[in-house]
Amino acid sequence: MAETGTETLRRSPLAHLEERMREAALTGARGVTLTELPFLTMVNLRVDPSSETARRIETALGAPLPRRFGDTAASGPRTILWLGPDEWLVLSPPEEAAAMRESGAVALRDALGSDPGSVVDVSANRTTLELSGPCARQVLEKGCPLDLHPRAFGPGRATSTTVGPVGVLLWQVDDAPTYRLLPRSSFADYLARWLVDAMSEFSRPEVP
């Protein structure tokens, strides 16, 4: 992906697998698709949730910081994922990237001030895979230890786990179901190939 001005030439971690993922897509009752959502802005935030500093940060975000394991919160196009008792990840889509870099992260740093905590842009650390379709949950269940049944994990839930041997942040976006997986960029190739292989079973008729 080329950008003009002072931006540098960027290539997403999975650009070389784009065609392979597209060809692996399946439709119908056993459908499932896999795509990369590159260049999301990701800001790691650490602060004491009981502090006045956290209140200022929530005002800057326009949403409360999630307080429990697996919870998320939304503020316009941004989503806040709970990572730990005093840690969150703020995600913004590519079209919001410039705004987040230029004003959003600055507003968070201003809200933090000199108080204990941190606001760090970690966008280059991970990429995002989107797995969606009627059989998306079954694909993940081949290698994810979580209970992904809707009674235990549903839209708006996000947590750290593994898929195959790869550590990811797993976020269920809707009840299609659509999942977003955030692996470290250096492990994205392995994870994408693992998922494509896991999807291949569903190209054949279900065994009665």
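Residues numbered from 1 in each chain as written. Predicted model: local features only at pLDDT ≥ 70, side-chain atom pairs only at ≥ 80, totals over all residues. Heavy atoms only, no water.

**Comments concerning the sheet that holds strand β5 (residues 87-92)**
Right, on to step 1. Strand order in the open sheet formed by 5 strands is β3-β4-β5-β2-β6, and the pairing between neighbours is antiparallel. In this open sheet, the two edge strands, each paired with only one partner strand, are β3 (72-75) and β6 (118-121). On average, each strand axis in the sheet is inclined to that of its neighbour by 20°, with strand direction left out of account.
Right, on to step 2. Sheet analysis places strand β4 (residues 78-84) next to β5, joined by 5 bridges and oriented antiparallel. Its bridge partner being in β5, Ile80 is matched across the sheet by Val90. (Pairing = 2+ DSSP bridges. Helix = DSSP H or I, 4+ residues; strand = E, 2+ residues; numbered from the N terminus. Axes fitted to C-alpha atoms, helices over the stretch in contact; angles between N-to-C directions.)

**Here's the deal with the sheet that holds strand β1 (residues 33-36)**
Right, on to step 1. Spatially, β1-β7-β10-β9-β8 is the arrangement adopted by the 5 strands of the open sheet, whose pairing is antiparallel. The open sheet terminates on both sides in strands that have one partner only, identified here as β1 and β8 (158-163). When the angles between neighbouring strand axes are averaged without regard to direction, this sheet yields 30°.
Right, on to step 2. Inspection of the sheet shows β1 paired to strand β7 (residues 129-132) by 4 bridges, in the antiparallel sense.

**Re the pattern of salt bridges**
Right, on to step 1. The tally for this structure, following the rule as stated, stands at 13 salt bridges.
Right, on to step 2. One salt bridge connects Arg55 with Glu58, and the closest N-O pair in it is separated by 3.2 Å. With Arg55 and Glu58 both in helix α2 (residues 52-61) and 3 residues apart, this pair spans about one turn of that helix.
Right, on to step 3. Close ionic contact of Arg151 with Asp147 constitutes a salt bridge, the shortest N to O distance being 3.9 Å.
Right, on to step 4. Three or more residues joined by partner-sharing salt bridges are found here, namely Arg46, Asp86 and Glu87. (Salt bridge = Lys/Arg side-chain N within 4 Å of Asp/Glu carboxyl O.)

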